[in-house]
Amino acid sequence: MSRLKTLSDEYQTLRARLEQGGGAERIKRQHDQGKLTARERVTALLDKDGPWVEIGLLVAWDQYDRQAPAAGVVTGLGRIAGRPVVVVANDATVKAGSWWPGTIKKILRAQEIAMRQRIPIIYLVDSAGVNLPYQGGVFPGQYGAARIFYYNSIMRRYLKVPQIAAVMGPCIAGGAYLPALSDVIFMVEGTSFMGLGGPNLVKGATGQVVDAETLGGATTHTAVSAVAHYRAKDDKDCLVRIREYLTRLPHTPHPTPPGGARDPKRDATQLYDILPVDHRMSYDVRAVFECLLDAGRLDEFQPEVAPEMICGHGAIEGRPVAVIANSRGVIKGKKKNEAPRIGGIIYTESAEKVAYFIENADRERVPLLFIQDVSGFMVGTEAEHTGIIRAGARFVEAMATATVPKLVLTVNHASGAGYYAMAGQGFDPDFIVSWPTGRMGVMEGESAVQAVYGAEAAKPDNAAVVDAMRADYEHQLDATFAGARGFVDAILTPEETRDTLAFLLEVSSEFTGPHLGAFALPSVSSC
């Protein structure tokens, strides 16, 4: 069995486990309370049989003593009445939907997607508030919970991004500002509560004895305080009414360009055999294109120049895309005595070529797709003498300042400064996804061993520490490690990659302005 197939099967097993949230017993408890689970709510809210791209499913899966599957919140992208939306749904089966540090990371990422793409965001709130033992990673800091409310405010005041909140369970303390800073609030009779303090806190602070419904239930906030705007009889009714509300908001869809989509040349399952068993071995990246692009066709840009980097134009389900990919393998020199080039390495000539291609794509307003399998930039006397530092800087600057959407698919390696140049996460690509074979790190484990120990690595006395270092690198290079820390938005199997990329291209076409940073503010005078 291929490495890609083995890792994909392992990932799907992990994904199925995480999708169970807190487990069968807690799911039953949610149902016994007359409530749907977070995932059931998302399914009922979105278009039937429409796309669903879950963002950050793996966040925190190997942290917090593994008590926080999906960090207690479901975040992702789907459609309502054909319109792309972002959804954030607290999972009350995981520690009552309380906020862990990873929860904040996921909510902020979801908000950034809504802000950058200018698409509606829907919050399905069912949370007991901050997970107090972990408050140090939730409450303070620039990217603590306050950042959520900052983003709420920016969306309302400047970006005009629709925010719809449904309080479908508890919504306590500072968390109540999330719906309060949304455009409209729905509440559900009998199961929802919203308040800066619950009955117990009110009794301790003021001595007042009051039940939750009177203090902050659906009737109180829709008929007395007027904090909420709509009252639903149950979860299903609430979700139907959210769909109806969103459907009547103005929306101008961006159709795919004329010409239509064509099936890829190869079936996606062939990707399992295209990628080698050993990640260090070469393969034909053009065969990957044949599984992902319409008709498998790439109109290649300067194919005979710096062939270790492939640039060209193609389409995914009818949507044009400018592709930048690393070509693995050994590439013969053009001249008789010229040394071969190693695929996956960026040379001076290839950096210049890609920088020019990116700048053209930006001028032409064509989205960029980076297919990462990069080991880094070339080093050595020849590379330095040809100006690799300056050429690499041009590559990085062109990528960083491009204002068109940038999508990243990590296939294998994402190493060193090459990872940065190929639109690493620090440069705010619109979306970054990985196959289970993705390996993200400053270098491979064996290279790290040589960098630290050199010739000493072979000495028997160092065997234990060297083996431990290799094992630690293998652990940290695993794609699920990156997913657990939010370094990628999602891990995809080969079969779902093309459809997911097509939907992400659709989503990123919603906003035709500059795609720079987490969001681009319009001029204040125009707000």
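Conventions we followed
- Residue positions are counted from 1 within each chain, in the order its sequence is given.
- This being a predicted model, a pLDDT of at least 70 is required before a residue's local features are given, and a value of 80 or more before pairs of side-chain atoms are given or counted; all residues contribute to the totals for chains, interfaces and linings.
- The basis for every side-chain value is the complete set of non-hydrogen atoms in the structure, without hydrogens or water.
- The buried label goes to any residue with under 20% of its type's maximum accessible area, the exposed label to any with over 50%, and the partly exposed label to all in between, with areas taken from a 1.4 Å probe on protein chains only.
- Helix numbering and strand numbering both begin at the N terminus, where a helix is a DSSP run of H or I of at least 4 residues and a strand a DSSP run of E of at least 2.
- Two strands make a pair as long as DSSP finds a minimum of two bridges between them.
- Throughout, right-handed denotes a crossover for which the path from the first strand over the helix to the second runs clockwise when the strands point away from the viewer.
- Put simply, the grid is 1 Å and covers the protein atoms alone, a cavity is a trapped set of points that fit a 1.4 Å probe, a pocket is an open set with protein on both sides within 12 Å along at least five of seven lines, and lining residues have an atom within 4 Å of a point.
- Grid points are joined across faces, edges and corners, and a volume is the space filled by probe spheres set on the points.
- Basically, the charged four are Asp, Glu, Lys and Arg, the nonpolar ten are Ala, Val, Leu, Ile, Met, Phe, Trp, Tyr, Cys and Pro, and anything else, Gly included, counts as polar.
- A helix's residues, less one, multiplied by 1.5 Å, set its expected span.
- The arc in question is formed by the directions pointing from the helix axis toward the C-beta atoms.
- What makes two residues a contact is simply this: any of their non-hydrogen atoms within 4.5 Å.
- Note on aromatic pairs: the rings of Phe, Tyr and Trp (six-membered ring only in Trp) are paired at centre separations within 6.5 Å, and the planes decide the class, stacked below 30 degrees, edge-to-face beyond 60, tilted for the rest.
- To get an axis, fit a line to the C-alpha atoms, keeping to the stretch in contact for a helix; angles then go from 0 to 180 degrees between the N-to-C directions.
- Relative orientations are named as follows: roughly parallel for angles under 35 degrees, roughly antiparallel for angles over 145 degrees, roughly perpendicular for angles from 65 to 115 degrees, and oblique for any other angle.
- Crossing handedness is read from the near helix: turned anticlockwise from the far helix by less than a right angle, it gives a left-handed crossing, and turned clockwise, a right-handed one.

1. Side note on the pairing of strand β4 (residues 121-127)
Consideration 1: By the criterion of burial, β4 is predominantly enclosed, with 7 of the 7 residues buried.
Consideration 2: Neither face of β4 is open: one carries Ile121, Tyr123, Val125 and Ser127, the other Ile122, Leu124 and Asp126, and all of them are buried.
Consideration 3: By the bridge criterion, 4 bridges tie strand β3 (residues 83-90) to β4 in an arrangement that is parallel. Looking across to β4, one finds that Ala89 is bridged to Leu124.
Consideration 4: Following the backbone out of β3, through helix α4 (residues 101-117) and into the adjacent parallel β4, one traces a crossover that is right-handed.
Consideration 5: Of the pairings in the sheet, the one linking β4 to strand β5 (residues 163-172) comprises 6 bridges and is parallel in character. Opposite Val125, over in β5, you have Val167 as the bridge partner.
Consideration 6: Once you follow β4 into helix α5 (residues 146-159) and on to β5, the crossover reads as right-handed.

2. Points about empty space enclosed by the protein
Consideration 1: Taken as a whole and assessed by the stated rule, the structure comprises 1 cavity of 30 Å³ or more.
Consideration 2: The space that makes up the largest cavity amounts to roughly 40 Å³.
Consideration 3: Lining of the largest cavity is provided by Thr410, Ser434, Gly438, Arg439, Met440, Leu477, Asp478, Ala479, Ala482 and Val488.
Consideration 4: When its residues are assigned to classes, the lining of the largest cavity shows 5 nonpolar, 3 polar and 2 charged.

3. As for the pairing of β3
Consideration 1: Counting buried positions along β3 yields 8 of 8 residues, so the element is predominantly enclosed.
Consideration 2: Both strand β2 (residues 73-80) and β3 contribute to a ladder of 8 bridges, which runs antiparallel. Its bridge partner lying in β3, Arg79 is registered against Pro84.
Consideration 3: Taking the residues that link successive antiparallel strands as the turn, the β2-β3 hairpin has 2 residues, and the phi of Ala81 there is positive, at about 50 degrees.

4. Description of the layout of surface pockets
Consideration 1: Approximately 660 Å³ is the volume found for the largest pocket.
Consideration 2: Along its surface, the largest pocket is lined by 36 residues, and Gly50, Pro51, Trp52, Val53 and Glu54 are the ones closest to its centre.
Consideration 3: Elements with a minimum of two residues in the lining of the largest pocket: α1 (3-18), α3 (38-45), β1 (53-54), β2, β20 (490-491) and α20 (494-508).
Consideration 4: Of all the elements, α20 adds the most residues to the lining of the largest pocket, at 7 residues.
Consideration 5: In this structure, the second largest pocket occupies an estimated 490 Å³ of space.
Consideration 6: Lining the second largest pocket are 24 residues; nearest its centre among them are Lys105, Arg109, Glu112, Gln425 and Gly486.
Consideration 7: With 8 residues, the top contributor of residues to the lining of the second largest pocket is α4.
Consideration 8: A breakdown of the residues in the lining of the second largest pocket according to their chemical character gives 11 nonpolar, 5 polar and 8 charged.

5. Observations concerning helix α18 (residues 463-477)
Consideration 1: For α18, with 15 residues, the first-to-last C-alpha span of 21 Å sits near the 21 Å given by 1.5 Å per residue.
Consideration 2: Turning to α18, its buried residues are Val466, Met469 and Leu477. The buried residues of α18 occupy one face: seen down the axis, they fall within an arc of 60 degrees.
Consideration 3: Next to the buried residues of α18 lie β19 (439-441), α17 (445-453) and α19 (479-484).

6. A short note on the packing of aromatic side chains
Consideration 1: The final tally for this structure, using the stated rule, is 14 aromatic pairs.
Consideration 2: Plain terms: the ring middles of Tyr64 and Tyr134 are 5.0 Å apart, the flat faces sit at 65 degrees to each other, and that makes the pair edge-to-face. Remark: Tyr134 occurs in the loop between β4 and α5 and Tyr64 occurs in the loop between β1 and β2; sequence separation between them is 70 residues.
Consideration 3: When its relative accessible area of 25% is taken as the criterion, Tyr134 is described as partly exposed.

7. Notes on the packing of α4 against α5
Consideration 1: In the contact formed by α4 and α5, the axes pass within 10 Å of each other and the chain directions differ by 15 degrees. One way to sum up the angle between α4 and α5 is to call them roughly parallel. In the packing of α4 onto α5, the handedness of the crossing is left-handed. Contacts from Ile104, Ile107, Leu108, Gln111, Glu112, Ala114 and Met115 in α4 reach Arg147, Ile148, Tyr151, Asn152, Ile154, Met155 and Leu159 in α5.
Consideration 2: For the contact of α4 with α5, the per-class residue count stands at 10 nonpolar, 2 polar and 2 charged.

8. What to know about the packing of helix α13 (residues 348-364) against helix α15 (residues 388-401)
Consideration 1: Interaxial distance between α13 and α15 falls to 8 Å at its minimum, and their mutual angle equals 20 degrees. In this view, α13 runs roughly parallel relative to α15, as classed from their interaxial angle. Considering how the two elements wind past one another, α13 and α15 form a crossing that is left-handed. Each of Thr348, Ala351, Glu352, Val354, Ala355, Ile358, Glu359 and Asp362 in α13 lies in contact with α15, whose residues at this interface are Ile388, Ala391, Gly392, Arg394, Phe395, Ala398, Met399 and Thr401.
Consideration 2: Within the contact of α13 with α15, the residues separate by chemical class into 9 nonpolar, 3 polar and 4 charged.

As far as function goes, none of this settles anything; it's purely spatial.
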